[in-house]
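Chain by chain, the residues:
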Amino acid sequence: MKKEFLDLGKQPIANKFLKESEIKDEFFFDLKMVFDEETKLVSMKEFVKPEMMFNDDYKYNTSLSTPMVNHFKEAADMLNKRFKPKSVLEIGSNDGPFITNFDRDISVCVEPCGNFSLKTAHMGYQSYTYFWNMETSKMIKNYHGEMDLIYSANCICHIQDLNDCFKAVASLLSDGGVFVFEDPSLLRMLERGSYDQIYDEHAHVFSVTALDNILRKNGLIIFDVDNLSVHGGSNRIYVKKPNIPSDNMITLNYYKNLEEEKEFGVDKFETYEIFAKRVKDSKDELMRCLGNLRHNGKSIISIGATSKSTTVFNYCGIDSSLIDFITDTTPDKQGLLAPGSHIPVVDRDSVNLNDYDYAFLGAWNFKDVIANKEREFVEKGGEFITHVPKIMTFS
Ligand code: JHZ
């Protein structure tokens, strides 16, 4: 039932920034995408072993991103007010920007990256360094009982076995409880041509349509959906147990999202064939654009050493002959080489951007924040390059 539609070539672990000495042993895999005719789910054809991606060396610290910290504070306040949970579990709690908005004595975190679960443990939260699955769910139920709110951001789409994942949620959720999770939206990816939402960690890119099908099979139903602007367009999905009287009525948003996706054709294979053609055109055009700029003696750097830019650079074949370096605000990434492309990652404050002509937006999802921060670069004649929604330069 699974039909292949996209081949993004050989890709490395998207968040495995490396030292020069590690290049010879760098791991690559074939990044191909498939569409499941039955559930309508879009997934990677072959998954990467979770332990290779999510371990004590994981480099994406959510708490270093002020916009995301604000986003999670708002989410926590809203959920607290709307559902008044007496117990909260976060799946994939990273370094704690969501869970730390709740009281320690009602909260539990599950996070497979030991560097991060240690951080929340040090802050006094019950933290388990485990992957989310049925076994973990049973263990938490034994120690902490059922949960009123189970929350997860940018993590459920990382979980390869969704049936096990959702069964594990259903068995831990209290009868009137809610499961709320947010992940990048497939519809926004298709509309914007942002194929860089696809990398090793994103085992799936979710539509509401596919989630609706898979959650139902596992004893859960969607009752609300929020469309969010974070991470280039995400959906926050609200889920409950069916046939249990509760205040959580099925909302218009749920139906609107399903309709909008149907209208776009997320349930049809042809839509993905059209997307694949757009991705190929985007690659050709980006390479033409960067090649021409270099040919004319222009210097190019990149801002944001993202998982997304790992996909773009490796799919297009971009290396340090085209892009001099990548600036990134995360200390753990600085001084290392970007996965696959081996472009050096440097501290933003160690370089004078005004010495360069063009800056590619690896973190295009923070376009406004970056453009605002880098006003001087533009005033001195610098220009940005982005590939979303199409290849363009702007200032
Ligand atoms: P950002 C992450 O992907 C990883 P990435 C993760 N696995 C996931 O699933 C998705 O999010 C949804 C830097 N930066 O958030 C900080 C600057 O240098 O787009 C970050 O390293 N200057 C959880 O990696 C990176 O860019 C700036 O001004 O694609 C942003 O990474 C700003 C604003 C950011 O996620």
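Shown above is the structure to which this text applies.
Caption draft 1: Summary view of the packing of helix α4 (residues 134-144) against helix α5 (residues 162-172). Packing of α4 against α5 leaves a shortest axis separation of 8 Å and a crossing angle of 15°. Our classification of the angle between α4 and α5 gives roughly parallel. Crossing geometry of α4 relative to α5 is assigned as right-handed. Where α4 approaches α5, its residues Met134, Ser137, Ile140 and Lys141 are matched on the opposing element by Asp164, Lys167, Ala168, Ser171 and Leu172. Its residues placed into classes, the contact of α4 with α5 shows four nonpolar, two polar and three charged.

Caption draft 2: Representation of the pattern of salt bridges in the model. Under the definition given, this model contains 22 salt bridges. The residue Glu191 makes a salt bridge to Arg188 at a minimum N-O spacing of 2.9 Å. Taken as a pair, Glu191 and Arg188 lie in helix α6 (residues 186-192) at a separation of three residues, close to a single helical turn. On the basis of relative accessibility, which here comes to 14%, the residue Arg188 falls in the buried class. Residue Arg294 is joined to Asp324 by a salt bridge in which the shortest nitrogen-to-oxygen separation is 2.6 Å. Here Arg294 is found in helix α9 (residues 269-295), whereas its partner Asp324 is found in the loop between α10 (307-316) and β13 (326-327), with 30 residues between them in sequence. Owing to a relative accessible area of 24%, Arg294 belongs among the partly exposed residues under this scheme. Note on Asp324: relative accessible area 27%, which makes it partly exposed. Look at the salt bridges and you will find they share partners, linking Lys16, Glu22, Asp57 and Lys59 into a network.

Caption draft 3: How the structure looks around the packing of aromatic side chains. Within this structure, the stated rule accounts for 22 aromatic pairs. Both rings, one in Phe27 and one in Phe29, keep their centres 6.3 Å apart while their planes meet at 20°; by these two values the pair is stacked. Judged by relative accessible area, Phe27 falls into the partly exposed class, the value being 33%. Judged by relative accessible area, which is 8%, Phe29 ranks as buried. Centroid distance Phe83 to Tyr238: 6.1 Å. Interplanar angle 50°. Geometry classified as tilted. Taken together, the positions of Phe83 in helix α2 (residues 66-83) and Tyr238 in strand β11 (residues 234-240) put the pair 155 residues apart, joining distant regions of the chain. Each member of the pair Phe83 and Tyr238 is classed as buried.

Caption draft 4: Structural context of the sheet that holds strand β17 (residues 392-394). Within the open sheet, the six strands sit side by side as β14-β13-β12-β15-β16-β17. Their pairing is mixed. Since the sheet does not close on itself, it has two edges, and those belong to β14 (345-346) and β17, each with one partner. Pairing between strand β15 (residues 358-361) and strand β16 (residues 383-386): three bridges, direction parallel. From the neighbouring strand, Ala359 faces β16, where its bridge partner is Phe384. The strands touched by α9 are β12 (300-303), β15 and β16; relative to β16, the strand with the most contacts, the crossing angle is about 150°.

Scoring rules and cut-offs
- Residues numbered from 1 in each chain as written.
- Predicted model: local features only at pLDDT ≥ 70, side-chain atom pairs only at ≥ 80, totals over all residues.
- Heavy atoms only, no water.
- Axes fitted to C-alpha atoms, helices over the stretch in contact; angles between N-to-C directions.
- Helix = DSSP H or I, 4+ residues; strand = E, 2+ residues; numbered from the N terminus.
- Parallel < 35°, antiparallel > 145°, perpendicular 65-115°, else oblique.
- Left-handed = near helix turned anticlockwise from the far one by under 90°.
- Contact = heavy atoms within 4.5 Å.
- Nonpolar A, V, L, I, M, F, W, Y, C, P; charged D, E, K, R; others polar.
- Salt bridge = Lys/Arg side-chain N within 4 Å of Asp/Glu carboxyl O.
- Buried < 20%, exposed > 50% of the residue type's maximum accessible area, 1.4 Å probe, protein only.
- Phe/Tyr/Trp six-rings, centres within 6.5 Å; stacked < 30°, edge-to-face > 60°.
- Pairing = 2+ DSSP bridges.

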